[in-house]
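The residues making up each chain are set out below.
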Amino acid sequence: GQQVKQSSPSLTVQEGGISILNCDYENDMFDYFAWYKKYPDNSPTLLISVRSNVDKREDGRLTVFLNKSGKHFSLHITASQPEDTAVYLCAAGMATGGNNKLTFGQGTVLSVIP
Amino acid sequence: GGIITQTPKFLIGQEGQKLTLKCQQNFNHDTMYWYRQDSGKGLRLIYYSITENDLQKGDLSEGYDASREKKSSFSLTVTSAQKNEMAVFLCASGGYAEQFFGPGTRLTVL
């Protein structure tokens, strides 16, 4: 089965609003969680990540929230801009004993409309 | 910084054909990966390699072979191309903390 799931294939947000992207995982051995961003015809690039020893990490307009008991993490983008329009892929892995592997979700297409 | 190159950029094959995709990285990373990207399915791991001559199966290894000839290069072979198959294959290197992706090879099977 799908170990990392993004239940919303798409999300549309008004410019200036908050975009909230969600990700659920099954393997409670995962201790590393990340969001990658992908523009059309480009490759994914790392946006922000968090280890399981914290439940929140902020970086400018981006915040990752981690809910370990719920096996859920989310990405919040405040003051969303049209240039935030892209595919967002969540990923989870194990920092140790995981063979350097990441498991990706299916992706959510974020559209920020002016 | 470093770069990942993938060849070819576009690959058109016939049903049943064996097709090979190549990837080179100059990050000096130990671990390299091959993913398949399909619309609505995200990135699915086909094979990865944690060091030269090592091979580890991902979730989607059936129908593929891989070869890690040296630290900087990792090849993927589609053993028998399926008619009407279309996908983008992404090579990456790095680790769990960050993976750097190549530009992709777009496969079309006629």
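Residues numbered from 1 in each chain as written. Chains lettered and ligands numbered in written order. Predicted model: local features only at pLDDT ≥ 70, side-chain atom pairs only at ≥ 80, totals over all residues. Heavy atoms only, no water.

## Regarding the overall build of chain B
Phase 1: When its secondary structure is counted, chain B shows 0 helices and 11 strands.
Phase 2: Counting from the amino terminus, chain B carries its helices and strands in the arrangement β-β-β-β-β-β-β-β-β-β-β.
Phase 3: Expressed along its principal axes, the backbone C-alpha trace of chain B runs to roughly 35 × 25 × 25 Å.
Phase 4: Taking all 110 residues of chain B together, 50% fall into the buried category.
Phase 5: The contacts of chain B with a sequence gap of at least 6 include a subset with a gap of at least 24, amounting to 53%.
Phase 6: Only carbon and sulfur atoms are counted for the fraction: they give 47% of the accessible area of chain B, which is about 5300 Å².
Phase 7: Each charge class in chain B was averaged separately, 12 positive and 11 negative side chains, and the resulting centres sit 6 Å apart. (Helix = DSSP H or I, 4+ residues; strand = E, 2+ residues; numbered from the N terminus. Buried < 20%, exposed > 50% of the residue type's maximum accessible area, 1.4 Å probe, protein only. Contact = heavy atoms within 4.5 Å. Areas by Shrake-Rupley, 256 points an atom, 1.4 Å probe, with all protein chains shown as cover. Lys, Arg positive; Asp, Glu negative; His and termini not counted. Charge placed at Lys NZ, Arg CZ, Asp CG, Glu CD.)

## A few points about the interface of chain B and chain A
Phase 1: Listed per partner, the contact involves 23 residues of chain B and 18 residues of chain A.
Phase 2: Summing both partners gives a buried area of about 1700 Å² for chain B against chain A, and 53% of it is carried by carbon and sulfur.
Phase 3: When the buried area of chain B at its contact with chain A is split by residue, B:Leu43, B:Tyr96 and B:Phe101 rank highest and sum to 37% of it.
Phase 4: Across the contact surface, chain B and chain A share 1 salt bridge.
Phase 5: Linking B:Arg106 and A:Asp41 is a salt bridge whose minimum nitrogen-to-oxygen distance equals 3.9 Å.
Phase 6: Inspection of the chain B/chain A interface yields 8 residue pairs in polar contact (both at pLDDT 80 or more).
Phase 7: Taken together, the elements giving at least two residues each to the side of chain B that touches chain A come down to strand S4 (31-38), strand S5 (42-49), strand S9 (86-94) and strand S10 (99-101) of chain B.
Phase 8: Of the residues assigned to the side of chain B that touches chain A, the class counts are 11 nonpolar, 9 polar and 3 charged. (Buried area = accessible area lost by both parts, 1.4 Å probe. Salt bridge = Lys/Arg side-chain N within 4 Å of Asp/Glu carboxyl O. Polar contact = N/O pair within 3.5 Å; in protein donor to acceptor, adjacent residues only side chain to side chain. Nonpolar A, V, L, I, M, F, W, Y, C, P; charged D, E, K, R; others polar.)

## Overview of the sheet that holds strand S1 (residues 4-5) of chain A
Hydrogen bonds between backbone groups are what pair the strands of a sheet, and the pairing can be parallel or antiparallel.
Residue and element names in this part refer to chain A.
Phase 1: On the basis of which strands lie adjacent, the open sheet formed by 5 strands has the order S1-S3-S8-S7-S6 and antiparallel pairing. Looking at strand neighbours, the two that pair on one side only are S1 and strand S6 (56-59), the edges of this open sheet.
Phase 2: Here 6 bridges tie strand S3 (residues 19-25) to strand S8 (residues 72-77), and the two strands are oriented antiparallel to one another. Note that in S8 the partner of Ser19 across the bridge is Ile77. (Pairing = 2+ DSSP bridges.)

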